[in-house]
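Letter by letter, the chains look like this.
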Amino acid sequence: MLEYFGTDEGTRALNCNGEKNVKEEHGDDEELGKEEASVYRGLAARLNFMSQDCPDLQFPIKPCSREMAKPTRGSWRHLKKVARYSMNRERVVWEFELQDEPKFSHTVGDSDWGRSVKDRESGVWMLGKHCIKTWCASQGAFALSSAEAEFYAMIEAVIRAKGLLSTMQEMGYPAGEGGIRLHTDSSVAKSFVSRRGLGKMRHLEIRDLWLQREVGLGKVVVLKIEGPKNPADLMTKYLQSQE
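Now for a quick tour of the structure. Within each chain, residue numbers correspond to sequence positions counted from 1 in written order. This being a predicted model, a pLDDT of at least 70 is required before a residue's local features are given, and a value of 80 or more before pairs of side-chain atoms are given or counted; all residues contribute to the totals for chains, interfaces and linings. For side-chain calculations, the full set of non-hydrogen atoms in the structure is used, while hydrogens and water are omitted.

## Description of the overall build of the chain
Note the cut-off: Comment: elements are numbered from the N terminus, with helices defined as DSSP H or I runs of at least four residues and strands as E runs of at least two. Partly exposed describes any residue whose relative accessible area lies between the buried limit of under 20% and the exposed limit of over 50%, with all areas from a 1.4 Å probe on protein chains only and scaled to the type maximum.
The number of helices and strands found in the chain is 6 helices and 5 strands. Listed by position from the N terminus, the elements making up the chain come as α-α-α-β-β-β-α-β-α-α-β. With 243 residues in all, the chain has 44% of them scored as buried.

## As for the packing of helix α1 (residues 34–50) against helix α2 (residues 58–66)
Convention followed: For helices, the fitted line uses only the C-alpha atoms of the stretch in contact; every axis is such a line through C-alpha atoms, and the angle between N-to-C directions lies from 0 to 180 degrees. In this scheme the crossing of two helices becomes right-handed for a clockwise turn of the near helix relative to the far one and left-handed for an anticlockwise turn of less than a right angle. Here a residue-residue contact requires only that any non-hydrogen atoms of the pair lie within 4.5 Å. Side-chain classes follow a simple rule in which Ala, Val, Leu, Ile, Met, Phe, Trp, Tyr, Cys and Pro form the nonpolar group, Asp, Glu, Lys and Arg form the charged group, and the remainder, Gly included, forms the polar group.
At their nearest, the axes of α1 and α2 sit 9 Å apart, and the two run at 145 degrees to each other. Judged by the twist between their axes, the crossing of α1 over α2 is left-handed. In this structure, α1 uses Y40, A44, L47 and N48 to contact α2, whose residues at the interface are I61, C64 and S65. The residue makeup of the contact of α1 with α2, split by class, is 5 nonpolar, 2 polar and no charged.

## A few points about the environment of F192
Looking at the secondary structure, you find F192 in helix α5 (residues 187–193). Measuring from C-alpha to C-alpha, the distance between F192 and L209 comes to 9.9 Å, with 17 residues separating the pair along the chain.

## Quick notes on the packing of aromatic side chains
Note the following rule: Pairing of aromatic side chains here covers Phe, Tyr and the six-membered ring of Trp, requires ring centres within 6.5 Å, and sorts the geometry by plane angle: under 30 degrees stacked, over 60 edge-to-face, intermediate tilted. Here, a charge over a ring is recorded when the distance from Lys NZ or Arg CZ to the ring centre is within 6 Å and its angle to the ring normal is within 35 degrees.
Enumeration over the complete set of coordinates arrives at 4 aromatic pairs. The interplanar angle of 40 degrees and the centroid separation of 6.0 Å between the aromatic rings of F151 and Y152 together place this pair among those described as tilted. Residue classification places Y152 among the buried residues on the basis of a relative accessible area of 12%. Taken together, a centroid distance of 5.0 Å and an interplanar angle of 85 degrees make the contact between F151 and F192 edge-to-face. Of this pair, F151 sits in helix α4 (residues 146–170) while F192 sits in helix α5, placing them 41 residues apart in sequence. Here the two residues F151 and F192 agree in accessibility, since each one is buried. Clustering of aromatic rings is evident, with ring pairs tying together F151, Y152 and F192. Note that R181 overlies the ring of F104, its terminal NZ or CZ placed 3.7 Å from the centroid.

## Observations concerning the nonpolar core
Which entries qualify depends on this criterion: The nonpolar core is taken to be a set of buried Ala, Val, Leu, Ile, Met, Phe, Trp, Tyr and Cys residues, with the residues joined through side-chain atoms within 4.5 Å.
The biggest cluster of nonpolar side chains holds 23 residues, and the ones touching the most others in it are W125, F151, M154, L182, V193, L211 and V220. Looking at this core, the elements with two or more residues in it are β2 (121–127), β3 (130–137), α4, β4 (180–184), α5, α6 (210–216) and β5 (220–224). Excluding anything up to four places from it in sequence, L182 contacts T107, M154, A157, V158, L211, V220, V221, V222 and L223. If you look at the next biggest cluster of nonpolar residues, it comprises 18 residues, including F5, L32, A37 and A44.

## Brief notes about the pattern of salt bridges
Think of it this way: side chains of opposite charge can pair up when their charged atoms draw near. Where we set the bar: Here a salt bridge means any side-chain nitrogen of Lys or Arg lying within 4 Å of a carboxyl oxygen belonging to Asp or Glu.
All told, the structure shown has 4 salt bridges when counted by the stated rule. The salt bridge partner of R77 is D28, with a shortest N-O separation of 2.6 Å. Of this pair, R77 sits in helix α3 (residues 73–85) while D28 sits in the segment before α1, and the two are 49 residues apart along the sequence. Where R73 meets E36, a salt bridge forms, and the shortest distance between an N and an O atom there is 3.1 Å. Taken as a pair, R73 in helix α3 and E36 in helix α1 lie far apart in primary sequence, 37 residues in all. For E36, a relative accessible area of 31% corresponds to the partly exposed category.

## Some points on the pairing of strand β1 (residues 105–111)
The condition is simple: Criterion used throughout: strands pair if DSSP finds at least two bridges between them.
Most of β1 sits out of view: 6 of its 7 residues are buried. Bridge count for β1 against β2 is 7 bridges, and the pairing is antiparallel. Looking at the pairing, V108 lines up with V124 of β2. As judged from the 4 bridges shared by β1 and β4, these two strands associate in the parallel manner. Bridge pairing links T107 to L182 in β4.

This is the structure in structure tokens:
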């Protein structure tokens, strides 16, 4: 992939996995030709495959994958920048240290309400110290506040955690029988799921309040995590390498 873009030892790698304030250039809306579009799809698919083991690629590669049907010059420019950022990732090592049987599973949900509606939801699921699953998804519901957006991200995180736990239990692995530990960096969203009723978020659908019941029954325990320490930030927004 890097050879295709003509990168070498003298090419400067990018320290950020994307542009926070994208400036459109003349010709960005022009669609690629048939051959260029085919190459674009192949490179985007390769980066998408790499992102399964490299979570910091999941957020920047998502718009590239979304534009695979009709890639444009702007899509190509963005893909090239993601490729240059990947030069910082010669290899990725996942460490799974020996640990006791975990009593709980941990999940983290995050949302970036102020950015595009298409790119603002992510999460992490862990068993003990072992990171098992990460994701970057689009938020289906339209939130009218950052707290509401975080609430939807928490729902998505618990749904995914329950699905993964169910799969593991069917395979005979009694993981997380003690419940789910849900981490969020939003104090308002944490407070909302810890009580009953809509409160001031009166436009929410009643079906989304099941999380409050899960918290009330003790099946889900909500914990606060500091923003800079939130691992889900990696799949929600563009970050510098040192962040």
